[in-house]
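Fold and geometry: a report
So you can see what is in the structure, the chains are spelled out below.
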Amino acid sequence: MGNAVLHSIHVHPVKAFRSTSLQEAEVEPWGLAGDRRWILIDDGGKVVTQREQPRLALAAAEILSGGGLRLSAENREPVTVPVPEPIGTTTVEIFGDKVEAVLADTAAHDWCSAYLGTDVRLAHMDDPAARRPVDPDFALPGETVSFADGYPLLVTTLGSLDALNSLIARGDLAEEGPVPMSRFRPNVVVSGTEAWAEDGWSRIAIGEVTFRVTKMCGRCVVTTTDQDTARRGKEPLRTLARHRRFAGKLVFGQNLVPETRGSLRVGDPVTVLA
């Protein structure tokens, strides 16, 4: 694969909030440390994401020492959210999974509800080792995941993004391109590969950590949401539908399950093992 390297690392402390770029991160069995351990739910316990609320792209969550959060958004006073005591849990529904989580304090609910203009609650996954198994069709016994869509990590490549943007530029909605990588909300971005090289991966190493490549990532309307303005268009789904449809899904990127723990650092070599 030549000189493939880890180009960037991204975590999303609250699912659907703006991503945070890091120079290094710890890999835990269920994902990157700090990634998607918090989630918004509606009054029925169902997950709330950018699918329903694109303005979540404009809200930021900073991880504080001890695991708490500082939530902020333009024209709003920030709020500090401590990690809730796991005294009792509430049931969260996320894409068909029923998962137990611990509710944050009232101030967090009030801040998020006021920001969105609808009643929501903020919940925390207190025990990611036990709460939510990975899809058994693509997992080994005991493998778990945070509040990510389905798998511990998502990898994308700059080579594939460049190829996709070239296709968009030749389409009938060229004015909507090029789209940035932030639309795809990856955890790790790799540079130095051929376009769509990741289609052929089944195991990779990033620095000292090895991963199983489980399945292509099916994409949704979130990819059409400008992460800087929250406005929606039709790309890249229009172009993915024409060029990257597999088994009925529009795909970009690959889902990963860690085989080992360790640290990732920007610049780490990326090696295809199988």
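As a starting point, this report considers the structure included with it. (Residues numbered from 1 in each chain as written. Predicted model: local features only at pLDDT ≥ 70, side-chain atom pairs only at ≥ 80, totals over all residues. Heavy atoms only, no water.)

**Structural notes on the pattern of salt bridges**
Taken as a whole and judged by the stated rule, the model has ten salt bridges. Two residues, Asp172 and Arg238, come together in a salt bridge whose shortest N-O distance is 3.1 Å. Placement of Asp172 in the loop between α2 (158–169) and β14 (188–191) and of Arg238 in helix α3 (residues 237–243) is noted, with a sequence separation of 66 residues between them. Residue classification places Asp172 among the partly exposed positions, given a relative accessible area of 47%. Assessed through its relative accessible area of 25%, Arg238 is described here as partly exposed. What you see here is one network of salt bridges that share partners, running through Lys15, Arg51 and Asp149. (Salt bridge = Lys/Arg side-chain N within 4 Å of Asp/Glu carboxyl O. Helix = DSSP H or I, 4+ residues; strand = E, 2+ residues; numbered from the N terminus. Buried < 20%, exposed > 50% of the residue type's maximum accessible area, 1.4 Å probe, protein only.)

**Re the pairing of strand β3 (residues 24–28)**
As paired strands, β3 and strand β19 (residues 262–265) are joined by four bridges and run antiparallel to one another. For Glu26, the partnering residue across the bridge sits in β19 and is Ser263. Inspection of the sheet shows β3 paired to strand β4 (residues 31–32) by two bridges, in the antiparallel sense. Following the sheet pairing, Glu28 is matched in β4 by Gly31. Between the antiparallel neighbours β3 and β4 lie two residues. (Pairing = 2+ DSSP bridges.)

**A word on the environment of Thr193**
The topology assignment puts Thr193 in the loop between β14 and β15 (203–206). When the C-alpha positions of Thr193 and Gly96 are compared, they lie 35 Å apart, and in sequence the two are 97 residues distant.

Treat this as a map of the structure, not an account of what it does.
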